[in-house]
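The chain contents come next:
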Amino acid sequence: MCSSDLHALVEKTWLIQIADLGGAYAVSGMIVVVATAMLEFLFPVRRSSTTRGVFLAVAIGTVLASLGYSALTIGRHEQSSSNSAVEVRNEAGKALSAPEADPSAPEAAADRSRPPLRIALVQESLDTVFDGDPERSVEMFRKYRDATRALCEQDSDLDLVVWPESAFTANIPDQLLDDAAELNPPPGFEDRRHEYQEFVKARSAEGPRKAASVARVVNPQETGLAFLIAGSDTIDYRSEPYRIYNSALLVNPQGEVAGRYFKQHPVMFGEYVPFAEQLPWLARITPIGAGIAAGKRAEAFSIRGFWVSPSICFESTVPHLIRRQVKQLVTEGKSPDVLIKIGRAHV
């Protein structure tokens, strides 16, 4: 509910300024209170006129309180800042609101001099299926590769191409491997240690080849400088036991994986089973096993002088997570210019 509430009211900043107090939860709470109070006022069930009046007062008071907070907060910001609003239009011609920096500030001059970041979001029409069919993973990869090839042949001036969650895996997960470390097979494969080790090492060589091939698709001309952000599985063999992450990879124009973001907020019972690490028997009796591990930190990728920060799927519905990520990145000097959410069926 929280995410859809803000989508519907995103342009009504005078009404949703309370989001800076409690994120989308505060906006959702306001909507629930007002809707419930109006329902009780308009459709009473054996209620006195006094009681109905109380519900009407609650609805009106809640809206006025939100408007009053917005007026105070926005007014205080305008008085303490020399920033002014400038109209920005997206490709659909829809007006958006954005801050314009103090024209006398040196960083403002730098911002005006740099060209905008040109981003293409690639979206195919594929049903979401959780049957684990390996051929489907390869089919999805091929569809996105072919769609990207057609896109980039038409427009060679792109800076960034974005694929959805899991679209890049194609049965060849991204791997983090320490050559000096011994690869211990998972339970049930102890008698096939050598075979397991050779399989992991061989697959670790396929990943870079796949990344390089897609980079050539994203940059059909040798002078191309476009990056790719794409969803993939990542297996970290440097830990014991190994960990699997739901990740967003940054592939640079040279075809190298130049950055990784690991999903910090996996979906309970959909991507992980609570306490499965502490109680291994839980992993053995559930379809997804122990599931994926949670990432530890936010990431921002540097692309053409812009900081681009990814999140994955339902993370965008957890406002305190996104706020915490942005605060972390600002502290590190990587204040995001662009927030990108990749989902299993959309970006």
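Thoughts on the pattern of salt bridges
Summed over all chains, the structure comprises 10 salt bridges. Notably, a salt bridge pairs Arg 145 with Asp 146, separated by 3.4 Å at the nearest N-O pair. Close ionic contact of Glu 195 with Arg 192 constitutes a salt bridge, the shortest N to O distance being 2.9 Å. What emerges from the salt-bridge pattern is a single network uniting Arg 145, Asp 146 and Arg 149.

Focus: the confidence of the model for the chain
Taken over all residues, the pLDDT of the chain has a mean of 82, while the share at 70 or more is 84%. In this model residues 81–110 is a low-confidence stretch, pLDDT under 50, and it forms 29 contacts with partners more than four residues away in sequence or in other chains.

Quick word on helix α6 (residues 134–154)
For the α-helix, the turn length of 3.6 residues means that residues three or four positions removed from each other point alike. With 21 residues, α6 extends 31 Å between its outermost C-alpha atoms, agreeing within 8% with the 30 Å of an ideal straight helix rising 1.5 Å per residue. Buried within α6 are the following residues: Ser 137, Val 138, Met 140, Phe 141, Tyr 144, Ala 147, Thr 148 and Cys 152. Looking at the buried residues of α6, the elements they touch are β4 (160–162) and α7 (193–218).

Points about the packing of helix α3 (residues 19–42) against helix α9 (residues 319–331)
Remark: α3 packs on α9, axes separated minimally by 8 Å, with the N-to-C direction vectors making an angle of 140 degrees. Between α3 and α9, the angle falls in the class oblique. Counted together, Ala 19, Asp 20, Gly 23, Ala 24 and Tyr 25 of α3 and Pro 319, His 320 and Arg 323 of α9 form the full contact between these two elements. A class-by-class count of the residues in the contact of α3 with α9 yields 4 nonpolar, 2 polar and 2 charged.

Looking at a nonpolar patch on the surface
Residues Phe 275, Leu 279, Trp 281 and Ile 285 make up a contiguous nonpolar surface patch of about 460 Å² in total accessible area. Positionally, Leu 279 belongs in the loop between β8 (257–262) and α8 (280–284).

Comments concerning the sheet that holds strand β11 (residues 338–342)
Spatially, 3 strands are ordered β9-β10-β11 in an open sheet, and the strand pairing comes out mixed. The open sheet has two edge strands, β9 (301–303) and β11, and neither has a second partner. Strand-to-strand twist across the sheet, computed as the mean angle between neighbouring axes with direction ignored, equals 35 degrees.

Re α3
Along its 24 residues, α3 runs just 28 Å from first to last C-alpha, ending more than 12% under the 34 Å computed at 1.5 Å per residue. A maximum bend of about 75 degrees is found in α3 at Tyr 25. Taken together, the buried positions of α3 are Ala 19, Gly 23, Ala 24, Val 27, Ser 28, Met 30, Val 34, Ala 37, Glu 40 and Phe 41.

Here we look at the nonpolar core
Core analysis: the biggest nonpolar cluster contains 23 residues, and Tyr 144, Val 161, Trp 163, Phe 168, Val 214, Val 218 and Leu 228 have the highest contact counts within it. Counting residues per element, the ones that place at least two in this core are α6, α7, β6 (227–236) and β7 (243–251). Here the element with the most residues in this core is α6; it accounts for 5 residues. Apart from residues lying up to four places away in sequence, Tyr 144 is in contact with Val 122, Gln 123, Glu 124, Leu 126, Trp 163, Pro 164 and Ala 167. Counting 17 residues, the second largest nonpolar core, distinct from the first, contains Ile 229, Ala 248, Val 308 and Ile 342.

So, how was this worked out
- Every chain begins its residue count from 1, and numbering advances along the sequence as written.
- Only residues with pLDDT of at least 70 get local features here, since the model is predicted, and only at 80 or more are side-chain atom pairs given and counted; chain-wide, interface and lining totals rely on the full set of residues.
- Where side-chain values are given, they derive from all heavy atoms of the structure, hydrogens and water being excluded.
- Salt bridges are identified by distance alone: a Lys or Arg side-chain nitrogen within 4 Å of an Asp or Glu carboxyl oxygen.
- Confidence scores here are pLDDT values: one per residue, from the predictor, ranging 0 to 100.
- When checking whether two residues touch, look at their non-hydrogen atoms; a contact exists if any pair is within 4.5 Å.
- The way it works is that DSSP assigns letters per residue, a run of H or I at least four long becomes a helix, a run of E at least two long becomes a strand, and they are numbered from the N terminus.
- For a helix, the expected span equals 1.5 Å multiplied by the residue count minus one.
- The buried label applies to any residue whose accessible area, calculated with a 1.4 Å probe on protein chains only, is under 20% of its type's maximum; exposed applies above 50%, and partly exposed to all values in between.
- Note on geometry: axes are C-alpha line fits, over the in-contact stretch for helices, and angles between N-to-C directions span 0 to 180 degrees.
- When describing relative orientation, an angle under 35 degrees is termed roughly parallel and one over 145 degrees roughly antiparallel, while 65 to 115 degrees is termed roughly perpendicular and anything else oblique.
- Residues are grouped as follows: Ala, Val, Leu, Ile, Met, Phe, Trp, Tyr, Cys and Pro are nonpolar; Asp, Glu, Lys and Arg are charged; every other residue, Gly included, is polar.
- Patch membership is restricted to residues that have no salt bridge and whose relative accessible area is over 30%. Joining uses 9 Å for like charges and 5 Å for the nonpolar side chains Val, Leu, Ile, Met, Phe, Trp and Tyr.
- Under the convention used here, a 1.4 Å probe and the Shrake-Rupley method define accessible areas, while residue burial counts only the protein chains that appear.
- The pairing criterion is simple: DSSP has to find at least two bridges between the two strands.
- Bend, in this description, refers to the angle at a residue between axes fitted to the seven residues ending there and the seven starting there.
- Among buried residues, those of type Ala, Val, Leu, Ile, Met, Phe, Trp, Tyr and Cys that are joined through side-chain atoms within 4.5 Å constitute a nonpolar core.

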